[in-house]
Amino acid sequence: MSASKPLHNQQPFGDFRPDSSVLRPSRAESGAIRQTGAGVPSGAAHHTALTFERIRFGYRERPVVRDVSFTVAAGELVGLLGPNGAGKSTLLKLATGALHPQAGRVTLGGLEVRRLARGEIARRVAVVPQDFSVQFAYTVRQVVEMGRTPHLGAWGVARQRDHDTVDAALDTVDCLEFANRVFNELSGGERQRVIVALALAQEPDVLLLDEPTAHLDIRHQIETLALLRRLNEQRGLTALATLHDLNLAARFFPRLILFDGAIVADGSPASVLESELLSRVYRTPVQVGILRGAEHLSVLPPGYATTGTPPTADTTTAGDIAVHVIAGGGSGEAPMRALAAAGLPF
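Reading guide: rules and limits
Residues numbered from 1 in each chain as written. Predicted model: local features only at pLDDT ≥ 70, side-chain atom pairs only at ≥ 80, totals over all residues. Heavy atoms only, no water. Helix = DSSP H or I, 4+ residues; strand = E, 2+ residues; numbered from the N terminus. Areas by Shrake-Rupley, 256 points an atom, 1.4 Å probe, with all protein chains shown as cover. Core = buried A, V, L, I, M, F, W, Y, C linked by side-chain atoms within 4.5 Å. Buried < 20%, exposed > 50% of the residue type's maximum accessible area, 1.4 Å probe, protein only. Contact = heavy atoms within 4.5 Å. Phe/Tyr/Trp six-rings, centres within 6.5 Å; stacked < 30°, edge-to-face > 60°. Lys NZ or Arg CZ within 6 Å of the ring centre and 35° of its normal. Expected span 1.5 Å × (residues − 1). Arc of directions from axis to C-beta.

### Thoughts on the overall build of the protein
Here's step 1: Each helix and strand in the protein was counted, giving 11 helices and 13 strands.
Here's step 2: Accessible surface for the protein amounts to roughly 16,500 Å². Of this, 51% is attributable to carbon and sulfur atoms.

Below, the structure written as structure tokens:
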């Protein structure tokens, strides 16, 4: 699979053949990063939202981030991929100033994060964390109002503009109708939308999301990422999100960065999601292709295509096969996605 091939020309899984492209080494191995520039808006070089410049960071004696440099242009939607412990969440903490690099610098809109006051950083960048909880019976509106804290004056009194901004954020994520419900009584998907609203209420230049689909069932994963893409397309929201689901990453993010302590690949889904590359980084064999009738790349365990052409909506009818899935939204996510992609009713 090559970066020069258009996405729709990738080999379908039904006629899947192993990727024959030459595996290029990571920056950590050769100092070279695979880059295509995919997803970078025109004029990005003149308007950068977030920049990492030769960043190094480690915990005690263990290096976590090794000589990392990349830029997120204003209006970009970027997915940050990599195995557990690769340093993805550490990068986000460096971007917010929660951690300081041991070498190099991080800038927001051209200003070095280390030199910015906490309030100034909070007005420039917002974070949707992996886990968010409140200890009291705060309503949805009260939670979203927390996003206005960096904008309040010395007395901390909300003005009409603050109330209007909160209403707009709630309306954007379709939460206005239950603004007076207790946050802790919401479903997981509803809570995630409220947390996104909280971040939007900050009116940030950059939105950072740390595994925004963690703990969500497949429906709410799709809804969360669809909301993020809509905000990016309609409002030009700049976002950098860490993700573990490679299939969702391929569908919703025009630019992906594969990260394992250093940048391994940076570009379009077609250039980053290569079977040999992913197998090496995740230390397990995978195969990459496009399912028949599908539009996007899919990443599956090995052996999927070894039993022949998978059934599709074109070759299989509901009477040919019956599949019953007994599972929760979490454990059943992978088989349900595979069945849906193959066009099998269940």
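### A few points about the nonpolar core
Here's step 1: With 56 residues, the main nonpolar core has Val 144, Val 194, Leu 207, Leu 228, Phe 253, Leu 258 and Leu 273 as its most contacted residues.
Here's step 2: Sequence-distant contacts of Val 194, defined by excluding residues within four places in its chain, comprise Val 140, Val 143, Val 144, Cys 175, Phe 178, Phe 183 and Leu 186.

### A few points about the environment of Tyr 59
Here's step 1: Turning to its location among the elements, Tyr 59 is positioned in strand 2 (residues 48-59).
Here's step 2: Not counting chain neighbours up to four residues away, the residues in contact with Tyr 59 comprise Val 64, Thr 90 and Leu 99.

### Focus on the packing of aromatic side chains
Here's step 1: The full count for this structure, using the stated rule, is four aromatic pairs.
Here's step 2: Their ring planes at 85° and their centres at 5.7 Å tell us that Phe 132 and Phe 183 sit as a pair that is edge-to-face. Residue Phe 132 is found in the loop between strand 7 (125-128) and helix 4 (140-145), and its partner Phe 183 is found in the loop between helix 5 (160-172) and helix 6 (188-201); the two are separated by 51 residues along the sequence.
Here's step 3: For the ring pair Phe 136 and Tyr 138, a centre distance of 6.0 Å and an interplane angle of 75° mean the geometry is edge-to-face.
Here's step 4: A residue is classified by how much of its surface remains accessible, and Phe 136, at 57% relative accessible area, is exposed.
Here's step 5: Taking the relative accessible area as the measure of exposure, Tyr 138 reaches 32% and is therefore partly exposed.
Here's step 6: Here the basic side chain of Arg 181 rests over the ring of Phe 178, its NZ or CZ set 5.5 Å away from the ring centre.
Here's step 7: One residue, Arg 191, lies across the ring of Phe 183, its end atom 5.6 Å from the ring centre.

### A word on helix 5
Here's step 1: Taking 1.5 Å per residue as the helical rise, helix 5 with its 13 residues ought to reach 18 Å, and the 18 Å between its terminal C-alpha atoms agrees with that figure.
Here's step 2: Among all positions of helix 5, only Asp 162, Thr 165, Val 166, Ala 169, Leu 170 and Thr 172 are buried. For helix 5, the angular spread of the buried residues around the axis is 160°, confining them to a single face.
Here's step 3: Structurally, helix 5 contributes buried residues whose contacts are with helix 4, helix 6 and helix 7 (218-235).
Here's step 4: Directly after helix 5, the chain includes Asp 174, whose backbone phi takes a positive value near 60°.

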